[in-house]
Amino acid sequence: MYNVKKVNEDLYWIGASDRRLALFENIYPIPRGVSYNSYVILDEQTVLLDTVDKAVSGQFFENLEHVLGERKLDYIIVNHMEPDHCAIVEEVVRRYPEVKVVGNAKTFTMMKQFFTFDVDAHAVVIKEGDTISTGKHTLAFAMIPMVHWPEAMVTYDAYDKVLFSADAFGTFGALNGNVFADEVNFKEEWLDDARRYLVNIVGKYGVQVQAALKKALTLDIAMICPLHGPIWREDLGWFIEKYQKWSTYTPEDHNVLILYASIYGNTENAADVLAGKLADAGEKNIAVYDVSVTDPSYLVAEAFRCDRIVFACPTYNAGLFPKMETLLHELAAHNLQKRKVAVLENGTWASTAGKQMKEILSSMKNMEICENTVTVKSALKENQLEQLDQIVDFMTKETIA
Ligand SMILES: Cc1cc2nc3c(=O)[nH]c(=O)nc-3n(C[C@H](O)[C@H](O)[C@H](O)COP(=O)(O)O)c2cc1C
């Protein structure tokens, strides 16, 4: 059965959700599922904006046929060539052979790589600032390269003031009947997934997201239709502000995050004792994670959220415990910067973890690194508690920067 939503007078949501997929992009756990959004404008001409992942193509085609009825499909606009949005473009062209496919030059280069149909026979190549009028609606196109692929672009419908934002403003999470952000408890139930989605998938490209935001902020936007997650038609400024923070690596919360690795529990114990001392010093909402049992995507998102981070790690075969090493390189790869950080190392015969963690942290921009490394020799002892106090002082004194 078709399952569509009328978004406004001429605009329909015809996407679908996948609650079966375990790993988005085969890497990020999505326990709340994910939606693949696709939209149709019924004007004098008909326009399909992006399609969906193969996994939900059956529902998509039922929806498309229902919304089009007897009408033909005039345009399909491909804002983003990633297969979770365009794996079925070839099937759309097969079913609607007169359709014109709208994209930029990079779109069509990729399209010819992914598909075998006669792309040139359908291609309408647009560039920055071009427009297409479909009757009442005039659609304008703006490039947002590396948000998060080179060909990414957004489409702005000046008539309804709708921004079709590609992967920008998206989030993990299936849509459960409510397709609008104002119909759900977004701030309580969706924000963590929105942050985890953005920082892991686009976090590295903060500069490019900033460039995209600059373009978007020149537009009079009444609604944002992303390719994943709910549609925004109220309180857009709140979400745009989150994007401003995430894309400038500005922490959202004045909170301490403790990330520890521990094989037998001694480094974990030191992390917990430190957390207790931070609480005694007045810190609230301290976040503590064992990097062995927490997917890195959650830890990267937490590191973007918090302004201060402690890394606690045992030495492991003269190196870092592998899960911590991976995480630190992930944080560096995502361009994390502008954080206050401290390290706590453990070693039973020759500690090197502290030095190795500091090397990675020093490679990241604008990191304020606590000079004192706490060195635990197998297990934390009473006479080392003042070393922890030094981290507490460092973490609780006002940031010089
Ligand atoms: C497989 C393995 C390799 C280790 N390699 C080192 C090492 O190279 N140098 C060192 O000083 N300690 C080494 N350790 C000891 C740990 O760094 C740490 O002191 C010990 O595991 C206690 O901390 P935990 O309870 O948090 O695991 C190793 C431990 C394990 C299990």
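Predicted model only: the values in this text are computed from it and were never measured.

### Considering the overall build of the protein
- In terms of regular secondary structure, the protein is built from 13 helices and 23 strands.
- Overall, the protein is about 80 × 40 × 35 Å in size when its C-alpha atoms are taken along their principal axes.
- Looking at the 401 residues of the protein, the share that counts as buried comes to 57%.
- Taking the contacts inside the protein whose residues are at least 6 apart along the sequence as the reference set, 72% of them involve residues at least 24 apart.
- As presented, the protein carries roughly 16800 Å² of accessible surface, and 51% of it is formed by carbon and sulfur atoms.

### Brief notes about helix α13 (residues 385-396)
- Here α13 is 12 residues long and its end C-alpha atoms lie 16 Å apart, about the 16 Å a rise of 1.5 Å per residue gives.
- Among the residues of α13, those classed as buried are Leu388, Ile391, Val392, Phe394 and Met395. Taken end-on, α13 shows its buried residues confined to a sector of 165 degrees, consistent with a single buried face.
- Packed against the buried residues of α13 are α9 (266-280), β19 (306-316), β21 (340-347), β22 (368-369) and β23 (374-377).

### Quick word on the packing of helix α11 (residues 322-333) against helix α12 (residues 353-362)
- α12 packs onto α11 with a crossing angle of 15 degrees between their chain directions and a minimal axis gap of 9 Å. Between α11 and α12, the interaxial angle falls into the category roughly parallel. The crossing of α11 and α12 is right-handed. Residues Met324, Leu328, His329 and Ala332 of α11 pack against Met357, Ile360 and Leu361 of α12.
- Split into classes, the residues belonging to the contact of α11 with α12 amount to 6 nonpolar, 1 polar and no charged.

### Examining the domain arrangement of the protein
- When cut into domains, the protein gives domain 1 (5-247) and domain 2 (253-396).
- Contact with domain 1, which involves 11 residues of that partner, is made by 10 residues of domain 2.
- Interface of domain 1 and domain 2: buried area, both sides summed, is about 980 Å²; carbon and sulfur atoms make up 58% of it.
- At the junction of domain 1 and domain 2, the tally comes to 0 salt bridges.
- Linking domain 1 with domain 2 are 5 residue pairs in polar contact (both at pLDDT 80 or more).

### A look at the pairing of strand β14 (residues 153-157)
- In terms of burial, β14 is largely enclosed, as 5 of its 5 residues are buried.
- Residues of β14 alternate between two faces, with Met153, Thr155 and Asp157 on one and Val154 and Tyr156 on the opposite face, all of them buried.
- Sheet topology places strand β13 (residues 138-143) next to β14; 5 bridges connect them, and they run antiparallel. By the bridge assignment for β14, Ala140 is matched with Tyr156.
- The pairing of β14 with strand β15 (residues 162-164) spans 3 bridges and is classified as antiparallel. Bridge pairing in β15 places Tyr156 opposite Leu163.
- If you look at the hairpin formed by β14 and β15, you'll find 4 residues sitting between the two strands, and Lys161 has a positive phi there, around 55 degrees.

### Some points on the environment of Thr248
- Here Thr248 lies in the loop between α8 (236-247) and β17 (253-260).
- Expressed as a C-alpha distance, the spacing of Thr248 and Cys86, which sit 162 residues apart in the sequence, is 30 Å.
- Here Gln244 takes part through its backbone oxygen, which lies 2.6 Å from a polar atom of the side chain of Thr248.
- A distance of 2.8 Å separates the side chain of Thr248 from the side chain of Thr250, its partner in a polar contact.

### Focus on the site of the ligand
- In the vicinity of the ligand, 18 residues are found, and the nearest of them are Ser262, Thr267, Thr315, Ala318 and Ala350.
- Taking Ala318, its main chain carries an N or O atom lying 2.7 Å from an oxygen atom of the ligand.
- Coverage of the ligand by the protein amounts to 88% of the 610 Å² it exposes when considered alone.
- Considering every element that reaches the shell around the ligand, the biggest residue donor is β19, with 3 residues.
- A class-by-class count of the residues in the shell around the ligand yields 7 nonpolar, 11 polar and no charged.

What counts as what
Per chain, the residues get numbers from 1 upward, laid out in the order the sequence is written. Residue-level local features of this predicted model are given only where pLDDT is at least 70; pairs of side-chain atoms are given and counted only at 80 or more, and the full residue set underlies all totals for whole chains, interfaces and linings. Derived side-chain values reflect all non-hydrogen atoms in the structure, with water molecules and hydrogen atoms excluded from consideration. Helix and strand assignments come from DSSP, with helices taken as H or I runs of at least 4 residues and strands as E runs of at least 2, each series counted from the N terminus. Each residue's exposure class comes from its accessible area (1.4 Å probe, protein chains only) as a fraction of the maximum for that residue type: buried when under 20%, exposed when over 50%, partly exposed otherwise. Two residues form a contact once any of their heavy atoms are found within 4.5 Å. Areas reported here follow the Shrake-Rupley algorithm with a probe of radius 1.4 Å; residue values treat only the protein chains shown as occluding. Residue count minus one, scaled by 1.5 Å, sets the expected span of a helix. By definition, the arc is the one covered by directions from the helix axis to the C-beta atoms. To define axes, lines are fitted to C-alpha atoms, for helices over the stretch in contact only, and angles between the resulting N-to-C directions are given on a 0 to 180 degree scale. Comment on the angle field: the value is read as roughly parallel under 35 degrees, roughly antiparallel over 145, roughly perpendicular from 65 to 115, and oblique elsewhere. In this scheme the crossing of two helices becomes right-handed for a clockwise turn of the near helix relative to the far one and left-handed for an anticlockwise turn of less than a right angle. Under the grouping applied here, Gly and all other residues not named as nonpolar or charged are polar, the nonpolar ones being Ala, Val, Leu, Ile, Met, Phe, Trp, Tyr, Cys and Pro and the charged ones Asp, Glu, Lys and Arg. Domain extents, as shown, originate in an automatic or database domain assignment. Buried area counts how much accessible surface, traced with a 1.4 Å probe, disappears from two parts once they are put together, with both parts' losses summed. Every case where a carboxyl oxygen of Asp or Glu lies within 4 Å of a side-chain nitrogen of Lys or Arg is listed as a salt bridge. In protein, a polar contact requires one atom able to donate a hydrogen and another able to accept it; more generally it is a pair of N or O atoms within 3.5 Å, and residues adjacent in sequence count only if both atoms are side-chain atoms. Paired strands, as defined in this entry, are two strands with at least two bridges between them according to DSSP. Nearness is defined per residue: one heavy atom within 4 Å of the molecule or strand is enough.

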